[in-house]
2 protein chains.
Amino acid sequence: MRHDVRVRETTAGPATGGYAKGRIRREDIITAAVAVYGEAGYHGSSLREIAKRAGITHAGLLYYFPTKEALLAAVLERRDAEDAEREQLQAAPGVDVLRHFLALAEHNVRHPGIVDLYSRLAAEAVAEDHPAHDYFVRHYRAAREGVVGSFRALADRGELRPGVDPAAAALTFVALMDGLQVQWLTTPDEVDLVGSLRFYLGGLLTVPLG
Amino acid sequence: MRHDVRVRETTAGPATGGYAKGRIRREDIITAAVAVYGEAGYHGSSLREIAKRAGITHAGLLYYFPTKEALLAAVLERRDAEDAEREQLQAAPGVDVLRHFLALAEHNVRHPGIVDLYSRLAAEAVAEDHPAHDYFVRHYRAAREGVVGSFRALADRGELRPGVDPAAAALTFVALMDGLQVQWLTTPDEVDLVGSLRFYLGGLLTVPLG
DNA sequence: CCTACCGATCGGTAGG
DNA sequence: CCTACCGATCGGTAGG
């Protein structure tokens, strides 16, 4: 993997370590980048457009993030931080984790920009030399592992329909979330994102989702 | 929709109407475009790279396809023609149609370039002003309608598990195919594309898939 | 953080 | 189909 994103280096930089103005500026730039990546993809985005939305020049942006890739790393880093924060409140493996994913889907429906960013980046990052490729490899693994634990716990309690393989159910669930997002973004009025996830899970469980 | 792809105009052009050399050249260019779109996406592709793979200059390419969008239209046009050809042999609505989709998935696993192209384009074309947006709107509608008919036929024959909504099952099936493709391209060794589709369908049907 | 610049690359055109 | 070119835009750097 040639272009690994070194998330750690991103936190270093001229404006870290206590200067509030610089920290705010960095956050503004990341917010602008999320929006532009969602609209144009990573490769289709220009530092000039992102900088303009953050109210600086593209050379000014490069003062905070030395390369285009460093900015992408910071965007993914913040996303992980936000996800981790949300999962602080997470329940033990089981039906509560699945409810948590439904809540995440409800959150996403209200924030199409995030869904846009994620879907576009995931499709781009399929290429092995994409700077976010390793991020998505890890992301998918973590997502599957997080869900499979819950399906196993459900199976142990007899809350999973007999014969259902937890690993297959988990992989399929993660794929379904991704596929629904693209289809929903393309034809929002014709796709019930949360309802479809409920439909899928309802067919696997012997207990109600609530 | 501003940038509608006018597929019809693409068939017009200097090399249509009987000149075998020109027709072959056009096909070569489309083949090269499919490969490059799959690797770099539509926006990330350059006419120069596509032309180089077809053995001509980018100005030469523009002799056959007057704009970048006209080439995209031709690529989608050929894909539809190939799909239509395959569906000539199609069975009546029911379990055979689902088997047909499993066969398509098996075909896709052996042709990752096609999957790459489709996944990247679908994610890009989420944007309303993308030249392939309308294509994917129609594509998703057609896919759902094709599948829902089969689930309804299965339900009529009691081959669908009781309480399963055919429309939800169809939407979910199409989304699952898409989501699996991206996850499979990202981590091929960790995703069983065809097996996951079988898992999903097996949970819905009361008859074996074979 | 900015102005000013660099080399590279883009889609498209002129003119054969 | 090619050579030669156009204006626009890209990421990144120099120098302050």
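- The name an unreviewed UniProt entry assigns to chain A is TetR family transcriptional regulator, from the organism Saccharothrix texasensis.

1. Side note on the nonpolar core
Phase 1 of the analysis: By size, the foremost hydrophobic cluster in this structure holds 136 residues, and its most contacted members are Leu71(A), Phe151(A), Leu71(B) and Phe151(B).
Phase 2 of the analysis: Not counting residues up to four positions away in its chain, the partners in contact with Phe151(A) are Leu98(A), Leu160(A), Pro166(A), Ala169(A), Ala170(A), Phe173(A), Leu201(A) and Leu204(A).

2. Section: the interface of chain A and chain B
Phase 1 of the analysis: Facing the 39 residues of chain A at the interface are 39 residues of chain B.
Phase 2 of the analysis: If you look at where chain A meets chain B, you find four salt bridges.
Phase 3 of the analysis: The partner of Arg144(A) in a salt bridge is Glu190(B), with the nearest N and O atoms 3.0 Å apart.
Phase 4 of the analysis: Taken together, the links from chain A to chain B amount to 10 residue pairs in polar contact (both at pLDDT 80 or more).
Phase 5 of the analysis: Ranked by residues supplied to the side of chain A that touches chain B, first place goes to helix H9 (residues 166-186) of chain A with 14 residues.
Phase 6 of the analysis: In terms of residue class, the side of chain A that touches chain B is built from 20 nonpolar, nine polar and 10 charged.

3. Quick look at the confidence of the model for chain A
Phase 1 of the analysis: The pLDDT averaged across chain A works out to 90; a share of 90% of its residues lies at or above 70.
Phase 2 of the analysis: In the predicted structure, residues 1-13 of chain A sits below a pLDDT of 50 and forms 22 contacts with residues beyond four places in sequence or in another chain.

4. As for empty space enclosed by the protein
Phase 1 of the analysis: On inspection of all chains with the given rule, the structure shows five cavities of 30 Å³ or more.
Phase 2 of the analysis: In this structure, the largest cavity encloses a volume near 160 Å³.
Phase 3 of the analysis: What lines the largest cavity is a set of 18 residues, and nearest its centre among them are Ser119(A), Asp178(A), Val182(A), Asp178(B) and Val182(B).
Phase 4 of the analysis: Secondary-structure elements contributing two or more residues to the lining of the largest cavity are helix H7 (112-124) and H9 of chain A together with helix H7 (112-124) and helix H9 (166-186) of chain B.
Phase 5 of the analysis: For the lining of the largest cavity, the residue count by class is 10 nonpolar, six polar and two charged.

5. Observations concerning the relation of the copies chain A and chain B
Phase 1 of the analysis: Mapping chain A onto chain B calls for a screw motion: a turn of 180 degrees about the axis and a shift of 0.0 Å along it, with 0.1 Å RMSD after fitting. The transformation just described matches what one would write down for a two-fold rotation axis. No C-alpha of chain A lies nearer the rotation axis than that of Gly179(A), which sits 2.0 Å from it.
Phase 2 of the analysis: Of the interface residues in chain A, 100% have counterparts in chain B that sit at the interface too, so the contact is made through matching surfaces.

6. As for the protein's contact with DNA strand C
Phase 1 of the analysis: Neighbouring DNA strand C are 18 residues, the closest being Arg25(A), Thr57(A), Tyr63(A), Arg48(B) and Lys68(B).
Phase 2 of the analysis: Near the protein, within 4 Å, the atoms of DNA strand C are sugar or phosphate in 50% of cases.
Phase 3 of the analysis: In the environment of DNA strand C, a phosphate oxygen lies 3.1 Å from a nitrogen or oxygen atom belonging to the side chain of Ser46(B).
Phase 4 of the analysis: Listed by contribution, the elements that provide at least two residues to the surface near DNA strand C are helix H2 (20-40) and helix H4 (58-64) of chain A together with helix H3 (47-54) and helix H4 (58-64) of chain B.
Phase 5 of the analysis: For the surface near DNA strand C, the leading source of residues is H4(A), giving four residues.

7. Side note on the protein's contact with DNA strand D
Phase 1 of the analysis: Neighbouring DNA strand D are 18 residues; Arg48(A), Lys68(A), Arg25(B), Thr57(B) and Tyr63(B) lie closest to it.
Phase 2 of the analysis: Restricting the count to atoms of DNA strand D within 4 Å of the protein gives a sugar and phosphate share of 51%.
Phase 3 of the analysis: Measuring from a base nitrogen of DNA strand D, one finds a side-chain N or O atom of Arg48(A) at 2.7 Å.
Phase 4 of the analysis: Within the backbone of Lys68(A), one N or O atom sits 2.8 Å away from a phosphate oxygen of DNA strand D.
Phase 5 of the analysis: At the level of secondary structure, the elements contributing two or more residues to the surface near DNA strand D comprise helix H3 (47-54) and H4 of chain A together with helix H2 (20-40) and H4 of chain B.
Phase 6 of the analysis: When residues of the surface near DNA strand D are assigned to their parent elements, the largest contribution, four residues, is made by H4(B).

8. Notes on the layout of surface pockets
Phase 1 of the analysis: There is about 810 Å³ of room inside the largest pocket.
Phase 2 of the analysis: Breaking the lining of the largest pocket down by element, the ones donating at least two residues are helix H5 (68-88), helix H6 (95-109), H7, helix H8 (133-156) and H9 of chain B.
Phase 3 of the analysis: Ranked by residues supplied to the lining of the largest pocket, first place goes to H5(B) with nine residues.
Phase 4 of the analysis: Counted by class, the lining of the largest pocket contains 15 nonpolar, seven polar and nine charged residues.
Phase 5 of the analysis: Put simply, the second largest pocket is a space of about 660 Å³.
Phase 6 of the analysis: Around the second largest pocket, the lining is made up of 25 residues, and of these Asp83(A), Glu87(A), Phe101(A), His139(A) and Ala143(A) lie nearest the centre.
Phase 7 of the analysis: At the level of elements, helix H5 (68-88), helix H6 (95-109), H7, helix H8 (133-156) and H9 of chain A are the ones that each hand at least two residues to the lining of the second largest pocket.

Rules of the game
- Residues numbered from 1 in each chain as written.
- Chains lettered and ligands numbered in written order.
- Predicted model: local features only at pLDDT ≥ 70, side-chain atom pairs only at ≥ 80, totals over all residues.
- Heavy atoms only, no water.
- Core = buried A, V, L, I, M, F, W, Y, C linked by side-chain atoms within 4.5 Å.
- Buried < 20%, exposed > 50% of the residue type's maximum accessible area, 1.4 Å probe, protein only.
- Contact = heavy atoms within 4.5 Å.
- Salt bridge = Lys/Arg side-chain N within 4 Å of Asp/Glu carboxyl O.
- Polar contact = N/O pair within 3.5 Å; in protein donor to acceptor, adjacent residues only side chain to side chain.
- Helix = DSSP H or I, 4+ residues; strand = E, 2+ residues; numbered from the N terminus.
- Nonpolar A, V, L, I, M, F, W, Y, C, P; charged D, E, K, R; others polar.
- pLDDT = per-residue confidence, 0-100.
- 1 Å grid on protein atoms, 1.4 Å probe; cavity = no way out; pocket = protein on both sides within 12 Å on 5 of 7 lines; lining within 4 Å.
- Points joined across faces, edges and corners; volume = space filled by probe spheres on them.
- Least-squares fit on C-alpha atoms with pLDDT ≥ 70 in both.
- Near = heavy atom within 4 Å.

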